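Architecture and fold: a report
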Amino acid sequence: GQQVMQIPQYQHVQEGEDFTTYCNSSTTLSNIQWYKQRPGGHPVFLIQLVKSGEVKKQKRLTFQFGEAKKNSSLHITATQTTDVGTYFCAGARTGGFKTIFGAGTRLFVKA
Amino acid sequence: EAGVTQFPSHSVIEKGQTVTLRCDPISGHDNLYWYRRVMGKEIKFLLHFVKESKQDESGMPNNRFLAERTGGTYSTLKVQPAELEDSGVYFCASSLRRAVGAIMNTEAFFGQGTRLTVV
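What comes next concerns the included structure. (Residues numbered from 1 in each chain as written. Chains lettered and ligands numbered in written order. Predicted model: local features only at pLDDT ≥ 70, side-chain atom pairs only at ≥ 80, totals over all residues. Heavy atoms only, no water.)

Per the secondary structure count, chain A includes zero helices and eleven strands. Ordered by position from the N terminus, the helices and strands of chain A form the series β-β-β-β-β-β-β-β-β-β-β. Computed over C-alpha atoms, the radius of gyration of chain A comes to 13 Å, within 12% of the 13 Å expected from 2.2 N^0.38 for 111 residues, which places it in the range of a compact globule. The dimensions of chain A, computed from C-alpha atoms along their principal axes, are 45 × 25 × 20 Å. Looking at chain A as a whole, 50% of its 111 residues are labelled buried. The contacts in chain A between residues at least 6 apart in sequence include a share of 54% that link residues at least 24 apart. In the form shown here, chain A has an accessible surface area of approximately 5200 Å², with 50% of it arising from carbon and sulfur atoms. For chain A, the distance from the average position of its 13 positive side-chain charges to the average position of its 6 negative side-chain charges is 10 Å. (Helix = DSSP H or I, 4+ residues; strand = E, 2+ residues; numbered from the N terminus. Rg over C-alpha atoms; globule rule 2.2 N^0.38 Å. Buried < 20%, exposed > 50% of the residue type's maximum accessible area, 1.4 Å probe, protein only. Contact = heavy atoms within 4.5 Å. Areas by Shrake-Rupley, 256 points an atom, 1.4 Å probe, with all protein chains shown as cover. Lys, Arg positive; Asp, Glu negative; His and termini not counted. Charge placed at Lys NZ, Arg CZ, Asp CG, Glu CD.)

Below, the structure written as structure tokens:
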């Protein structure tokens, strides 16, 4: 079945350092979404990418979708303590409705 | 606009008991999903409703789990009898069934989750 793998599992950074999480799918995706879950909270939608090679930015966050539409990355520039939480990627297979989540990357930011 | 609401927020039950979780999706959202997250692991898909029909229930762990969505509005997820390994946070999410060209917009809105502890 479709799998979505996400690395790293954990990342500790000093405030101001950059952070990147990577997502890889075993199948070609129609789109990929990124969610953020704060400690004790629920996943909140950040963005969706649908085009091959697409790059989108939200302030300090940069999202990329691979040319083959099988991988994606989220990069945070100059992390802040408010960035702490778990970042999930989630992909839907072409023609499918089921969204499969990666295991998430938990980000710790030390002030 | 109200978001996805789930009830209860927490439930502690003994092994062998029955628990029913409820999810009220955003009004007008045909798609309703149940997910489970166990102790820091991935958010695992359980099943997907389109209106009142089960589109995909391949993630349901076993026949102790029963999900319903009568009338295509709210949904319930019953665990009977509960086992220790059923503990976790059960999330419900809903999304619109809307196509943008050939691409389905599947942004999902999550509820706060129900934390289930089986002791």
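It is worth spelling out the interface of chain B and chain A at this point. Often, the extent of an interface is quoted as the loss of accessible area on bringing the components together. Counting residues at the interface gives 22 residues for chain B and 19 residues for chain A. Roughly 1800 Å² is buried in total at the junction of chain B and chain A, and carbon and sulfur atoms are behind 58% of that figure. Where chain B meets chain A, there are zero salt bridges. Taken together, the connections running from chain B to chain A amount to three residue pairs in polar contact (both at pLDDT 80 or more). Put simply, the parts of the chain that give the side of chain B that touches chain A at least two residues each are strand S4 (31-37), strand S5 (43-50), strand S6 (53-56) and strand S11 (103-105) of chain B. Grouping the amino acids of the side of chain B that touches chain A by side-chain chemistry returns nine nonpolar, seven polar and six charged. (Buried area = accessible area lost by both parts, 1.4 Å probe. Salt bridge = Lys/Arg side-chain N within 4 Å of Asp/Glu carboxyl O. Polar contact = N/O pair within 3.5 Å; in protein donor to acceptor, adjacent residues only side chain to side chain. Nonpolar A, V, L, I, M, F, W, Y, C, P; charged D, E, K, R; others polar.)

Attention shifts here to the state of the cysteines. All names here are of chain B. All chains considered together, the criterion is met by two disulfides over all chains. At a sulfur-sulfur separation of 1.8 Å, the disulfide partner of cysteine 23 is cysteine 92. One disulfide, between cysteine 23 and cysteine 92, carries an S-S torsion of -60° and so falls in the left-handed class. Taken together, the residues cysteine 23 in strand S3 (residues 19-24) and cysteine 92 in strand S9 (residues 88-95) connect sequence positions 69 residues apart. (Disulfide = S-S within 2.5 Å.)

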